[in-house]
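The residues making up each chain are set out below.
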Amino acid sequence: MKILQVAAKRVGIVVGILSIQAFWLLGTNAFAQSAPNVPVANEKTNPVNVHGAVNIGVTPYQVEQTIADSATCAPQCTLRYPEVPQGQRLVITHVSAQLSPAISVIILEGGNGTLFVTKPYRAASNLNAQTTFYYEAGQTPSARMYVPDTSDDGIGHTSLIVTLIGHLIPLQ
């Protein structure tokens, strides 16, 4: 009985190893090429088809805007980004920022809604957050922050740096 159990275990191990080798020999490209089109849409625009693992026409997007001294724009500081080109949709996938510890949230505006992106904890002086937020052609992305008026102390004199990262997708 024990011999049968050991033999069955060994057969299972050999089958598993052969399966892994077959997957490795085929490569992942065979599976990626057969992936169906994935429609990406929101309520106000036409869908965009994203094809497979490599998207022809998709342009990486990374734009940084800064304010040298937050005391100059208190109580609300707004960073404006370039307008989304005609025939394109901007998909923001990541927000990165250097902020004063007194600022707890960045508000993305100018798209189809408003998105509040919060710091991991209140005392943090930076923010790194994954997100999904859309801007359509002709819209101007902006990032707004409420800044306490602390112009009489050193906290109010900090720089604000916000980087929006994502990609531009051509509309069809």
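Structure shown above.
Residues numbered from 1 in each chain as written. Predicted model: local features only at pLDDT ≥ 70, side-chain atom pairs only at ≥ 80, totals over all residues. Heavy atoms only, no water.

Engineer: Just checking my understanding: could you explain the overall build of the protein chain for this structure?
Structural biologist: Helix and strand counts for the protein chain stand at 2 helices and 10 strands. Each helix and strand of the protein chain, ordered N terminal to C terminal, gives the series α-α-β-β-β-β-β-β-β-β-β-β. When burial is assessed residue by residue, the protein chain has 30% of its 172 residues classed as buried. Across the protein chain, the fraction of contacts at a sequence separation of at least 24, relative to all contacts at a separation of at least 6, is 73%. (Helix = DSSP H or I, 4+ residues; strand = E, 2+ residues; numbered from the N terminus. Buried < 20%, exposed > 50% of the residue type's maximum accessible area, 1.4 Å probe, protein only. Contact = heavy atoms within 4.5 Å.)

Engineer: What exactly am I supposed to notice about the side chain of Ser 142 here?
Structural biologist: Structurally, the position occupied by Ser 142 is in strand 9 (residues 142–146). Non-local contacts of Ser 142, meaning those with residues more than four positions away in its chain, are made with Thr 78, Leu 79, Arg 80, Tyr 81, Ile 107, Leu 108, Glu 109, Gly 110 and Tyr 135.

Engineer: Please clarify how the pattern of salt bridges should be interpreted in this entry.
Structural biologist: Where charged atoms from two side chains of opposite charge come close, those side chains can pair. Using the criterion set out here, one finds 2 salt bridges in the structure. For the salt bridge of Glu 136 with Arg 89, the shortest nitrogen-to-oxygen distance reads 3.1 Å. Of this pair, Glu 136 sits in strand 8 (residues 126–136) while Arg 89 is found in strand 5 (residues 88–98), placing the two residues 47 residues apart along the sequence. On the accessibility criterion, Glu 136 (8% relative accessible area) is buried. For Arg 89, a relative accessible area of 0% puts it in the buried group. (Salt bridge = Lys/Arg side-chain N within 4 Å of Asp/Glu carboxyl O.)

Engineer: Could you clarify how one ought to interpret the pairing of strand 5 in this entry?
Structural biologist: Here strand 5 pairs with strand 10 (residues 160–170) via 10 bridges, running antiparallel. Bridge pairing in strand 10 links Val 91 to His 167. (Pairing = 2+ DSSP bridges.)

Engineer: Sorry if this is basic, but what is going on with the sheet that holds strand 5 here?
Structural biologist: As summarised here, the arrangement of the 4 strands in space is 3-10-5-8, forming an open sheet in which the pairing is antiparallel. This sheet does not close on itself; its edge strands, each paired only once, are strand 3 (59–67) and strand 8. In this sheet, adjacent strand axes meet at a mean angle of 20° when their direction is disregarded. The pairing of strand 3 with strand 10 spans 9 bridges and is classified as antiparallel. Paired with Ile 67 across the bridge in strand 10 is Leu 160. (Axes fitted to C-alpha atoms, helices over the stretch in contact; angles between N-to-C directions.)

Engineer: Can you walk me through the sheet that holds strand 7 (residues 113–118) in this structure?
Structural biologist: The pairing of strands in a sheet comes from backbone hydrogen bonds and takes either a parallel or an antiparallel form. Within the open sheet, the 4 strands sit side by side as 4-9-6-7. Their pairing is antiparallel. The sheet terminates laterally at strand 4 (76–80) and strand 7, the two strands that pair on one side only. Across the sheet, the axes of successive neighbouring strands diverge by a mean angle of 25°, strand direction being ignored. Where strand 6 (residues 105–111) meets strand 9, 3 bridges bridge the pair, whose relative direction is antiparallel. Bridge assignment links Ile 107 to a residue of strand 9, and that residue is Arg 144.

Engineer: Is there a simple way to think about unusual backbone geometry in this case?
Structural biologist: Apart from glycine, the bulk of residues carry a negative phi angle, and the bulk of peptide bonds sit in the trans form. The step from Ala 74 to Pro 75 runs through a cis peptide bond, and the omega angle for that step is 15°. In this fold, Pro 75 is placed in the loop between strand 3 and strand 4.

Engineer: Got a minute to help me understand the nonpolar core in this structure?
Structural biologist: Soluble, globular proteins show a tendency: their nonpolar side chains are buried together. The biggest cluster of nonpolar side chains holds 28 residues, and the ones touching the most others in it are Val 95, Ile 106, Leu 108, Met 145 and Val 162. Mapped by element, the contributors of at least two residues to this core are strand 3, strand 4, strand 5, strand 6, strand 8, strand 9 and strand 10. Residues in contact with Met 145, not counting those within four places in the same chain, are Pro 75, Gln 76, Cys 77, Leu 79, Leu 99, Ile 103, Val 105, Ile 106, Leu 160 and Val 162. (Core = buried A, V, L, I, M, F, W, Y, C linked by side-chain atoms within 4.5 Å.)

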